[in-house]
Amino acid sequence: MAKQLMFYEKVAPVSLERHKDWSIQTGVSYRFAQSANAAPLMCAEFLTAATELPIVFGKSEEGFSPVAILGIEQDNCLLVDDDGAWLGRYIPAFVRRYPFVFAADDKQETFTLCVDEEYPGIDPDGKRGDQLYDGDEPAPILERALEFSRNYELEARKTNEFCKLLNEQNLFDPMQAGITLPDGQKRSVTGFYVVSRERLKEMSDEVRDDFFKRDVLELIYYHLASLRNMEKLRDLAA
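Rules of the game
- Every residue gets a number counted from 1 within its own chain, in the order that chain's sequence is written.
- Totals for whole chains, interfaces and linings use all residues, but because this is a predicted model, local features are given only for residues with pLDDT of at least 70 and pairs of side-chain atoms are given and counted only at 80 or more.
- The side-chain values count all of the structure's non-hydrogen atoms but skip hydrogen atoms and water molecules.
- Numbered from the N terminus, helices here are DSSP runs of H or I no shorter than four residues, and strands are runs of E no shorter than two.
- The reference for a compact globule is 2.2 Å times residues^0.38; the radius of gyration itself is calculated from the C-alpha atoms.
- Classification of residues uses two cut-offs on accessible area relative to the type maximum, computed with a 1.4 Å probe and protein chains only: under 20% is buried, over 50% is exposed, and between them is partly exposed.
- We call two residues contacting when some pair of their heavy atoms lies within 4.5 Å.
- Computed with a 1.4 Å probe, the accessible areas rest on the Shrake-Rupley method; for each residue, only the protein chains presented here act as cover.
- Between N-to-C directions, angles span 0 to 180 degrees; the directions come from axes that are lines fitted to C-alpha atoms, helices contributing only their stretch in contact.
- Note that the term roughly parallel is reserved for angles under 35 degrees, roughly antiparallel for angles over 145, roughly perpendicular for angles of 65 to 115, and oblique for everything else.
- As a working rule, the residues Ala, Val, Leu, Ile, Met, Phe, Trp, Tyr, Cys and Pro are called nonpolar, Asp, Glu, Lys and Arg charged, and the rest polar, with Gly in that last group.
- Strand pairing follows a simple DSSP-based rule, namely that at least 2 bridges must link the two strands.
- We define a polar contact as two N or O atoms separated by no more than 3.5 Å, with the added condition that, inside protein, one atom must be a possible hydrogen donor and the other a possible acceptor, whereas residues neighbouring each other in sequence contribute only through side-chain atom pairs.
- We define a salt bridge as a side-chain nitrogen of Lys or Arg found within 4 Å of a carboxyl oxygen belonging to Asp or Glu.

Participant: Give a description of the overall build of the protein that names residues and reports values.
Facilitator: Counting its regular elements, the protein contains eight helices and 15 strands. Relative to the 2.2 N^0.38 estimate, which gives 18 Å for 238 residues, the radius of gyration of the protein is 20 Å and therefore close to what a compact globule would have. The principal-axis extent of the C-alpha atoms belonging to the protein is close to 60 × 50 × 30 Å. Looking at the 238 residues of the protein, the share that counts as buried comes to 45%. In the protein, 72% of the contacts between residues at least 6 apart in sequence involve partners at least 24 apart. Taken as a whole, the protein presents about 13,300 Å² of accessible surface, with 46% of it coming from carbon and sulfur.

Participant: If you had to explain the packing of helix α6 (residues 205-213) against helix α7 (residues 216-226) to someone new, which residues and values would you point to?
Facilitator: Orientation of α6 relative to α7, taken along the N-to-C sense of each, is 85°, at an axis distance of 5 Å. One way to sum up the angle between α6 and α7 is to call them roughly perpendicular. On the side of α6, the interface is formed by R208, F211 and F212, while α7 contributes V216, L217 and I220. A per-class count over the contact of α6 with α7 returns five nonpolar, no polar and one charged.

Participant: Account for the sheet that holds strand β2 (residues 23-24), with residues named and values stated.
Facilitator: Here three strands make up an open sheet; going across it, the order is β8-β2-β9 and the pairing antiparallel. The outermost strands of the open sheet, each flanked by one partner alone, are β8 (122-123) and β9 (130-131).

Participant: Explain the sheet that holds strand β1 (residues 11-13) to me, using residue names and the numbers behind them.
Facilitator: Taking strand neighbours across the sheet as the criterion, the three strands line up as β1-β7-β6 in an open arrangement whose pairing is antiparallel. Of all strands in the sheet, those with a lone pairing partner are β1 and β6 (100-104), marking the two edges. With strand direction ignored, the average angle separating the axes of adjacent strands in the sheet is 45°. Across three bridges, β1 lies against strand β7 (residues 111-116) in antiparallel orientation. When the bridges of β7 are listed, V11 appears paired with D116. Running at roughly 55° to β6, helix α4 (residues 140-168) makes contact with β6 and β7 of the sheet.

Participant: I'd like a rundown of the side chain of S149, residues and numbers included.
Facilitator: For S149, the position within the fold is in helix α4. A distance of 2.9 Å separates a polar atom in the side chain of S149 from the backbone oxygen of A145.

Participant: Lay out the pattern of salt bridges in plain terms, naming residues and giving numbers.
Facilitator: On inspection of all chains with the given rule, the structure shows ten salt bridges. The partner of D210 in a salt bridge is R214, with the nearest N and O atoms 3.2 Å apart. Judged by its relative accessible area of 48%, R214 falls in the partly exposed class. One salt-bridge network, held together by shared partners, links K10, R18 and E117.

Participant: Any details on the pairing of strand β4 (residues 55-60)? Residues and values, ideally.
Facilitator: Two faces make up the sheet, and in a regular strand the side chains alternate between them. The pairing of β4 with strand β5 (residues 63-69) spans six bridges and is classified as antiparallel. Within β5, the residue paired with K59 across the bridge is F64. Count of turn residues in the β4/β5 antiparallel hairpin: two residues.

Participant: Report on the side chain of S226, specifying residues and quantitative values.
Facilitator: Along the chain, S226 falls in helix α7. Judged by its relative accessible area of 0%, S226 is buried.

Right, dumping it as structure tokens:
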């Protein structure tokens, strides 16, 4: 399978026939994320992620989706050091899920657990890390990956609905963020969107009450408050 998703290079369905003797090490190094200046985020992560990461929105052909900004320059993640260690307290679920991922059929009805066979922590000889299979049965690490990926898909659907609600109210504005480093260099973070405070205030009472009851307003406030974390990225860049 060709590369279709950030981080992933060679995605293959996990199977007993192919991966029975394979093992894997996860959570040891995050070098695979060193060139990512943003990572997708789920609504369920807003509360925790907002304490240290700026939460904004990206736009694609499918619509808007939340992302956590990880760097202020293209292809440079400020949250991963030269040794591959994650420097922050919170690691986005998209990053934690790697090297596993669900692949869906054309109708989005059937999902298959896959793994990136180019992931540096994977060992076809089964000598490093945890075995994917215990005999003919999935080992605990594979069971956890399956459960994590399943929950991720459920949260992704909820997040898509959240973004559709915001877009229906025309709440997105292009982000304009300029950062000045201590040495005087200037950087601009572009290509993202934020919720318009002005149009948020102009919403009808009916829509505002509906957003409140559905916890949409709470998520918006987390997003807006998180933008102050751009200063933390500036400090890391310095």
